[in-house]
Every structure is written in C-alpha cells, then in structure tokens.
Amino acid sequence: MTVNTKQTAHLALVQFESVLCDPAANTEKACRMIAEAAAEGADLVVLPELFSTGYELNIVGPHIPELAEPVDGPTVRALQEAARAAGCYVVAGVPLTYELEGVVFNSAVVIDRAGEVMGTYDKQHLWALERFYFRSGAGLPVFDTDFGRVGVLICYDLGFPEVARMLALQGADILVCPSAWCAEDMDVWDINVPARALENTVFLAAVNRYGVEDDLVMPGHTKVCNPRGQVVAELEEEAEGVLHVEIDVSDIKDWRQKSPYLRDRRPDLYDYVLLP
C-alpha cells in the first residue's frame, strides 16, 4: 500500500473529442494532452470512456473486436510512457481484452507516476447497445496513490448507488468516472454526480467526453463535486478542454464528521430488503 505523502491533489480532467475507430490518432493526442496537463502541475490525468475508439456504437460497435487490445497493447503502452515521462497518474477509458479471446470489456486502465499499470476496472452496468459488444465486469478495486485512495466507475455505473458506496466502504477518497454521457440525459448527470459525492462523502470527478458522433451528441460538462455534493468546478463550454482542479484530500475526515452517512449506515437492516 502506498503511504500518502501529499495533502492536496491536482486533477486534470480531459474533455476529449475522439476520432472514430482510430486508436493511434486518439492516443497520440491523449499523450500530448497528458504532457501538457502535467506541465501545469497535474497529479492525476483522467480521460473519458472509450477515448481511444470513440463511443457511437452504431459505428464503432462492429469494429470493437479488432479495436480492443490487451493491457499490454500499443494504446496502454503509449499511455504508460506518457505517464512515466510526465510523472503523473493516468486513468483512461479503453476497450480491453484479457485471457479469453473475443471477450471485450469497457474498461479503464490505471497507471502510476512510474508508468506501471496499477490495475484495471471493467464497467459493471452496460448501457443500451453496449451489452451486444462488451461483457459486464465484476470487482471494484481501489488504488492507493501518494495523495489518497482512488476508485473508478464508468458512466452508467454512476446511476447505481451501490457501486460508489462499495468503493467508499473500501476507503476511496476520490472517485473518478470516465463517461460518454449524451446531451438528452444531462439532467440525470447533474443529479447523479453530486448525489454520489454527498452520500459517500467523497470527491467525485466525472469526466465526460465531447463530440458529435453521427446522431450522438456528447456535450461535456465535466465536473468535480466535493464531499458535500457541491460542484466546485465545471467545464461550462461545450467543447474539448481540460478542467484543472486542486482538491484537499486531508479534508475528508472533517466532511465525514459533518455528513456521517458512512458511519450511520444500518447494514443489519439491509439484508431484509425484498426485491420484486
């Protein structure tokens, strides 16, 4: 386990616009943006869901089998080198294959400052067409960094309180959520992000992609909420950009004293909930 050595963390959240079905071009741009963000002091750079391929599955979906890569594939290797050269952590949404040939997950890879892969997270709740191209994940790893414990969830996972709660119960201080959230559902985005932050008393960085992919419009509005559920920063302009936010992770204990949701849980009651 990494011992925390920093009280604050500088997050750089990349509201990325992808070229459909072109991982090489998207990765080259992402590595350049990682370097630029680190030059401004970023400790952690986060790229959105499926940044390397684009998201519109009516177009990208049929190509997912050949676009997906293993964890040691060229996209992740390039991100590792970018993280190492920049000296920052990176979380990036990519389609990954593991040991089973032909099985693809909608994943996020987590890379440390030395360029080593710390692990991956596979999206658990698949939205719409995703279920035709990806297998749903299991497991909720939490990653120890030198500024706090980081948990990852992806897009539609944000609508399921259990995911964020399980990460918080494992000690996550910061949740990052790479996303491809569409324009017609931004009202739900604006509810879910602060709600998950408040009820788990965590910092929540929700990183949405920007772009128009066929009929799919993704307007961005990347934002960070503090453990009180307050929006402390947001990219208001609907365009590609980077949101830089400084957070003080040492404040978590104070926030949890003011809003003791985790302390006051009643798990003895929850076993009695009957599902329809």
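Residues numbered from 1 in each chain as written. Predicted model: local features only at pLDDT ≥ 70, side-chain atom pairs only at ≥ 80, totals over all residues. Heavy atoms only, no water.

Novice: Can you lay out the environment of Ala197 for me, pointing to particular residues and giving the numbers?
Specialist: One can find Ala197 in helix H7 (residues 186–200). In this structure the C-alpha to C-alpha distance between Ala197 and Leu140, which are 57 residues apart in sequence, comes to 17 Å. Apart from residues lying up to four places away in sequence, Ala197 is in contact with Val202, Leu204, Cys225, Asn226, Pro227 and Gly229. (Helix = DSSP H or I, 4+ residues; strand = E, 2+ residues; numbered from the N terminus. Contact = heavy atoms within 4.5 Å.)

Novice: Hey, could you go over the packing of helix H1 (residues 23–39) against helix H4 (residues 74–86) for me, with residue numbers and the actual values?
Specialist: As a packed pair, H1 and H4 sit with axes 9 Å apart at the nearest point and diverge in direction by 15 degrees. Here H1 is positioned roughly parallel relative to H4, judged by the angle of their axes. Read as a crossing pair, H1 and H4 show a hand that is right-handed. Contacts between H1 and H4 involve Pro23, Thr27, Cys31, Ile34 and Ala38 from the first element and Thr75, Ala78, Leu79, Ala82 and Ala86 from the second. (Axes fitted to C-alpha atoms, helices over the stretch in contact; angles between N-to-C directions. Parallel < 35°, antiparallel > 145°, perpendicular 65-115°, else oblique. Left-handed = near helix turned anticlockwise from the far one by under 90°.)

Novice: Give a description of the pattern of salt bridges that names residues and reports values.
Specialist: Scanning the model with the defined rule gives 13 salt bridges in all. With a shortest N-O distance of 2.6 Å, Lys223 and Asp190 are connected by a salt bridge. Placement of Lys223 in strand S12 (residues 223–225) and of Asp190 in helix H7 is noted, with a sequence separation of 33 residues between them. Given a relative accessible area of 3%, Lys223 falls into the buried group. Across the salt bridge formed by Lys223 and Glu234, the nearest N and O atoms sit 3.8 Å from each other. Within this pair, whereas Lys223 is found in strand S12, its partner Glu234 is found in strand S13 (residues 231–234), the two being separated by 11 residues in sequence. (Salt bridge = Lys/Arg side-chain N within 4 Å of Asp/Glu carboxyl O. Buried < 20%, exposed > 50% of the residue type's maximum accessible area, 1.4 Å probe, protein only.)

Novice: Give me the lowdown on the packing of helix H6 (residues 161–169) against H7, citing residues and values where you can.
Specialist: Contact geometry for H6 and H7: axes closest at 10 Å, N-to-C directions at 35 degrees. Where H6 crosses over H7, the two elements pack in a sense that is right-handed. Residues Pro161, Ala164, Arg165 and Ala168 of H6 pack against Arg196, Glu199 and Asn200 of H7.

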